[in-house]
Structures are given as structure tokens and as C-alpha cells.
Amino acid sequence: MSDVRAHYDESASSYHEQYDPDLIWRNAEYPANFFRLEKVIRILEDRGVSSVYELGAGEASPIIRIRERLGVDIRASDLSPEMVRLGKENLARHGMDPEWLTLLDVEDDAALGAEAARVGPSDAVIALGVIPHVRDDDAFVAAMAQFVRPGGSLILQFRNAMFSMFTFNRLTKEFILGEIMASVPKTFRDAVEEDLDVRLAVDKPPKREWDKDAPAYDEILARFHNPFELADVVRRHGFDSIEYGWYNFHPTYPMIAGRFDAKEYREAQIALESDDSWRGMFLCSAGMIIARKL
Amino acid sequence: MRGESTPGEAITQEEHARLWDVEVEGGYPANHFAFRHVLTALAEEGASTLMEVGVGGGRALPIFSGAGLEVHGVDNDPGMVERSRRVLADLGLPTERVTWGDVEDSVSLAGVRRGGGFDAVLAMGVLPHVTHDLVAVENMFTLLKPGGSVFVECRNKLFSLVTFNRFTYDFIMDDLLHDVSPAMRSATSEFLGEHVDVDMPPRPTGHEARYHNPLTVGEVFEAAGFEDVVIKPFDYHATIPRFEKLLGAEFRSESIALENEPSGWRGLFLCSAFLVQARRPEDFSWKVASGE
């Protein structure tokens with residue numbers, strides 16, 4: 001996790017910008033996480049929760065907004081020392097207790113158990129942007145389960161592997177050959193690969209380089225998850241009533257987005273963010289599993 | 001399964017062997033794999049009576065009769081009713097068990113319902129051709145006893161995401177991006193025109209069968225009163241369909257091997273069809289509009 005920690009230490013000072021409503025139109029990067037947070041707040045409100053624990057809380061901007069909007073009790077943790085340092089300042093600045101945010105590595109079982117025992121179970125546990133960076137999905141969902149009471153809610157964000165079924169690029173090829181057709185003979189997959197190499201933009205997407213002095217997002221462990229398989233993991237750890245929430249919509253193929261005026265394209269993206277239907281499974285690069293603990 | 005059985009078997013060893021024979025007329029034996037799901041479920045439920053809606057030429061009647069079920073059927077084509085009756089006669093069963101009826105017209109099914117309902121209703125190749133899904137599914141509901149199960153075949157819209165042809169184009173334009181701006185749609189259309197075979201398969205001149213989305217079709221069944229809705233994909237394709245003829249017998253055997261694929265999700269993309277299995281609640285009561 002050292003690369004992940006370094007990445008987030010480096011990006012901590014600008015982390016809050018993605019949640020700033022005043023920057024929705026000016027941020028160079030699409031503010032997908034702003035819309036994610038809006039959906040999370042709506043879900044928590046609909047479920048009438050009164051306490052929330054967030055794993056991977058960053059510098060606390062999201063959890064502070066959740067408390068401000070819903071008036072719920074909050075506790076949170078993050079892997080990055082710099083995020084936690086800034087988060088404590090952020091909490092204090094908002095009149096909240098800095099001790100509500102703790103340094104925690106979710107892959108450290110002992111520390112995780114101690115933190116769960118210290119804070120006790122909440123009505124909801126959320127983890128936004130965490131599971132892409134962990135190596136063991138089962139262990140992570142089991143960890144989340146420690147922070148939520150029976151009948152409480154889990155909100156687990158993931159990078160959506162199913163989006164590749166829409167993108168017509170390298171990720172499409174990898175998903176079809178490596179996942180969907182994983183068990184068919186190699187000769188079949190070779191034929192399909194030849195076909196896909198002609199149809200798809202297999203040289204895209206290029207790697208993103210957000211940061212200059214630390215590993216870029218695509219250079220750290222940042223896995224995609226298949227929503228069906230991840231739902232099975234969640235079920236295995238004592239959750240049911242599974243639903244999906246989708247965000248970071250794409251109104252056309254990402255590779256031709258550049259043909260449009262940037263504002264027009266962003267307007268089209270934002271217009272779709274209120275859609276709650278199934279199609280987010282293919283139009284969205286990220287999603288959330290929402291589930292209830294048995 | 002209880003009920004009554006004909007002297008025959010649901011399938012003979014010779015018939016089973018022919019599943020792999022690409023020379024046999026009729027193409028890939030997809031229904032065989034759908035019937036595996038149905039027969040397993042009916043055995044678990046201890047079903048004894050089965051109504052096949054859209055019974056057609058009666059090809060499934062010997063299979064279900066051979067499995068010990070008392071089989072009945074309806075079809076909206078009088079010619080098909082006659083053909084199915086001949087099949088029943090050959091099996092030594094009462095021919096009046098197949099009658100004319102339209103699944104979208106409950107009046108035409110009144111006589112069928114008079115017997116008190118069936119343990120199971122099967123509808124292969126019906127929902128792709130009906131005009132009003134909910135009406136058809138509600139009528140199937142009324143044919144069931146409380147606790148009975150329905151098995152309805154649908155053509156799978158999500159399969160279009162791996163076919164890279166006209167169906168891919170239609171799915172993306174009509175289902176995924178139907179409401180984005182005209183400029184976005186135009187650019188998407190142009191892009192797809194360059195990357196998928198938009199003229200394959202050729203668009204039929206007459207009626208084209210409808211496809212259903214396995215992620216949403218359950219809502220129709222729930223609206224009709226069903227519960228415990230389960231999607232069971234079948235008719236696997238071991239590779240992109242246009243390679244089927246090229247690969248011949250190898251394609252057939254590998255596709256059949258996939259019919260046992262256990263993931264629960266790959267079939268949503270590799271299968272051109274799926275069954276919707278759902279149950280009529282034991283204690284269901286119709287909600288009557290009060291007019292208030």
C-alpha cells in the first residue's frame with residue numbers, strides 16, 4: 001500500500017476540490033465524486049441512518065458534508081497520514097472533533113479490529129474509492145462488516161469493469177477475452193482477438209498522469225470490479241437486499257468526447273447523473289453496491 | 001414428478017447424441033438446455049400438470065409427457081393446434097388438451113382456466129412476439145395454481161454487446177443513449193457505423209421478434225404478481241456468432257459445454273436467450289381498484 005499512501009499523501013492538498021460545488025464546471029477533471037457524494041447522502045437520508053463510519057475518508061470533506069446535511073454521528077479513517085493531518089484540521093475548522101478521524105490501514109487486521117471495537121457499530125459503513133486499492137476483496141468487505149450493526153447499510157464504491165462493454169477500447173478487448181470468454185478454447189479467443197483488434201481502439205485509454213511527484217492513479221493498484229462478482233463477495237459476508245448505484249456517466253464514447261465543446265459534454269454527463277436505472281452498469285465508469293447487513 | 005406419463009422417454013440416447021450433430025436440421029438445440037432448467041425445477045416442486053402457451057407444433061409435448069407431466073397447450077394458430085393434437089394422438093393422450101387461445105386475450109383462455117389452474121406454465125418463443133408484455137404475463141399468471149411456476153423464454157438484449165452488429169447498434173442507440181443530445185447521438189451513430197456490422201443480420205422485411213433486457217424484465221413479472229423471479233440464460237455462444245459456421249462442430253461442442261457455465265453472469269452476455277422463472281404466491285389476492 002506504500003504507493004497508494006504516497007499517491008494520496010501527494011494529492012491531499014487538492015482532494016477537497018472534487019467535492020466543491022463551485023468547481024463543477026471549472027475542474028479540469030470531471031467531478032464524478034461530487035455526484036457520488038450526492039447519491040450517498042440521498043441513500044443515507046432515505047435509510048434514516050443516524051451514524052456513519054467511513055473507511056478511506058480522505059481529508060474528511062465527504063464525511064463532513066454528510067454530517068452537515070444529515071446531522072448524523074460520524075467516525076472515519078484513512079490510510080494517508082497527510083490526508084488525516086489535513087482532515088483533522090478540516091474537522092476542527094467545521095467545529096467538529098478532530099479525533100473523529102483516525103489513521104488506519106485497512107489491510108492491517110489488528111489495527112482494523114481495534115478501531116472497530118473502539119468506535120462500535122454504526123448504522124452505515126461507507127467506503128468510496130477504497131476497494132480499487134486493496135488486494136483482498138473478501139477481507140475488505142469482512143472489515144466493513146465490523147463497522148455496521150445488523151440491519152444497517154453498506155455502501156461500497158468500485159471501478160466498474162462492466163463499463164468496458166461500452167467503451168470499445170483496450171478495456172473492452174481485455175474484458176471480453178479475459179473475463180467473458182475466459183473458459184473457451186484459445187483458438188476461439190484468438191479469432192475473436194483478431195476481430196476485436198480491427199474494431200476496437202486497443203491503444204486507448206492512455207495512462208492518466210495527475211501527479212508529478214508521486215505515482216499516478218494508473219500506476220498504483222487501482223482495480224476494476226465486476227459488479228456481479230463483487231455483489232457475491234458482499235453476500236458472502238452477511239449482507240442482502242443488494243442494489244447498485246451508478247455515477248460518472250458517459251453520454252458517448254470517451255474516445256470521441258474531444259469532438260465536443262467541453263461545456264456541452266459536461267452538461268450531457270451531468271444530465272445523466274440523476275438516472276437511477278440499469279443502464280449505468282454500462283455507461284458509468286464507477287458504481288456503488290448498497291446492501292443491508294443481516 | 002407426478003401426473004401421467006406416456007410410454008416414451010423425455011429423450012432417447014440417440015436423440016441426446018444428435019444434440020452435437022451440426023448436420024441435424026434446426027440448428028443449435030437451444031431449447032434442450034432451457035428444458036433442463038424447467039424439468040429440474042418442476043421435479044423439485046413436485047409438479048404434475050404443465051400448460052405450454054404457444055405450444056406450436058407440439059415438439060416439446062413428448063419431452064414433458066415423457067418426464068411424467070400431464071401436458072396441455074394453447075396456441076393462437078389453428079394450424080399449430082392441429083399439429084399439436086396429432087402429436088398428442090400419437091402419444092395416446094386426449095387431443096382436447098391443446099386448444100386455440102391468444103395469450104394476450106384472457107377471454108380466449110377462459111376455457112383453459114376452467115380446469116382450476118396448472119402447476120406450471122411454459123412459454124417458449126412467445127414473449128418476443130406479443131404486443132403487450134404485461135398483459136401476456138398476467139394471463140399466464142391466471143393459468144397457474146397458487147404456488148405454481150412460470151417459465152418464459154426471452155431473447156436476450158445484452159447478447160448484443162458481444163455481437164458487434166446491427167443489434168449492438170440498436171441497443172446502444174435505443175436503450176443506452178436514447179435520451180442524450182442529438183449531437184451526441186449523431187456522433188455515436190457515426191462511430192458505431194465505423195466499428196460494427198450495422199447491416200448484419202439484415203433487417204427483416206416483416207415482423208421482427210422483440211428482445212428483452214434480463215436486468216429489467218423481472219419488473220414485468222413482479223407487476224403481474226409473481227415473486228422469486230430468477231433469470232436463467234441459455235443458448236450459449238462460445239464465440240462471436242459470425243464465426244459459428246466457420247467453426248462448425250467445434251463451435252457446437254464448445255457452446256454446449258458452456259451451458260453448464262456456473263458464473264451466474266457470463267451467460268448474460270454469451271447467451272442469446274434466457275428463461276424467466278417466477279412463482280405465483282400461495283396467498284396472492286388481486287388488488288381491485290376502489291375508484292377513490
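How each quantity is defined
Residues numbered from 1 in each chain as written. Chains lettered and ligands numbered in written order. Predicted model: local features only at pLDDT ≥ 70, side-chain atom pairs only at ≥ 80, totals over all residues. Helix = DSSP H or I, 4+ residues; strand = E, 2+ residues; numbered from the N terminus. Rg over C-alpha atoms; globule rule 2.2 N^0.38 Å. Contact = placed C-beta atoms within 7 Å. Nonpolar A, V, L, I, M, F, W, Y, C, P; charged D, E, K, R; others polar. Pairing = 2+ DSSP bridges. Axes fitted to C-alpha atoms, helices over the stretch in contact; angles between N-to-C directions. Domains from an automatic or database assignment. Buried ≥ 20, exposed ≤ 12 C-beta atoms within 10 Å, placed from the backbone.

**A closer look at the overall build of chain B**
Then, number 1: Each helix and strand in chain B was counted, giving 12 helices and 7 strands.
Then, number 2: Here chain B has a C-alpha radius of gyration of 20 Å; the compact-globule value for 292 residues is 19 Å, and the two agree.
Then, number 3: If one aligns the C-alpha atoms of chain B with their principal axes, the spans along those axes are about 65 × 60 × 35 Å.
Then, number 4: In chain B, once contacts between residues fewer than 6 apart in sequence are set aside, the share between residues at least 24 apart is 75%.

**Brief notes about the interface of chain B and chain A**
Then, number 1: The interface of chain B with chain A comprises 27 residues on the first partner and 24 residues on the second.
Then, number 2: Elements with a contribution of two residues or more to the side of chain B that touches chain A: α7 (166-176), α8 (182-195) and α12 (267-270) of chain B.
Then, number 3: In terms of residues, the side of chain B that touches chain A owes the most to one element, α8(B), which gives 6 residues.
Then, number 4: For the side of chain B that touches chain A, the residue count by class is 17 nonpolar, 6 polar and 4 charged.

**Points about the sheet that holds strand β4 (residues 118-123) of chain B**
Residues and elements named next belong to chain B.
Then, number 1: Across the sheet, 7 strands lie side by side as β3-β2-β1-β4-β5-β7-β6; this open sheet has mixed pairing. Two strands in the sheet have a free side with no partner beyond their single neighbour: β3 (98-100) and β6 (227-236). Geometrically, the sheet is characterised by an average inter-axis angle of 20 degrees between neighbouring strands, direction not taken into account.
Then, number 2: Looking at chain direction, strand β2 (residues 70-75) and β3 are connected through 3 bridges and run parallel. Its bridge partner being in β3, Asp 75 is matched across the sheet by Trp 100.

**Quick notes on the domain arrangement of chain A**
Then, number 1: Taken domain by domain, chain A consists of domain 1 (2-162 + 207-293) and domain 2 (170-203).
Then, number 2: Taking the mean C-alpha position of each, domain 1 of chain A and domain 2 of chain A sit 31 Å from one another.

**Describing the pairing of strand β8 (residues 284-293) of chain A**
Residue and element names in this part refer to chain A.
Then, number 1: Most of β8 is tucked away, with 9 of its 10 residues classed as buried.
Then, number 2: Relative to β8, strand β7 (residues 239-249) is paired through 8 bridges, and the arrangement is antiparallel. Its bridge partner lying in β8, Glu 243 is registered against Ile 290.

**Considering the environment of A:Glu179**
Then, number 1: Here A:Glu179 lies in helix α8 (residues 170-180).
Then, number 2: Spatially, the C-alpha atom of A:Glu179 lies 20 Å from that of A:Val198, the residues being 19 residues apart in sequence.

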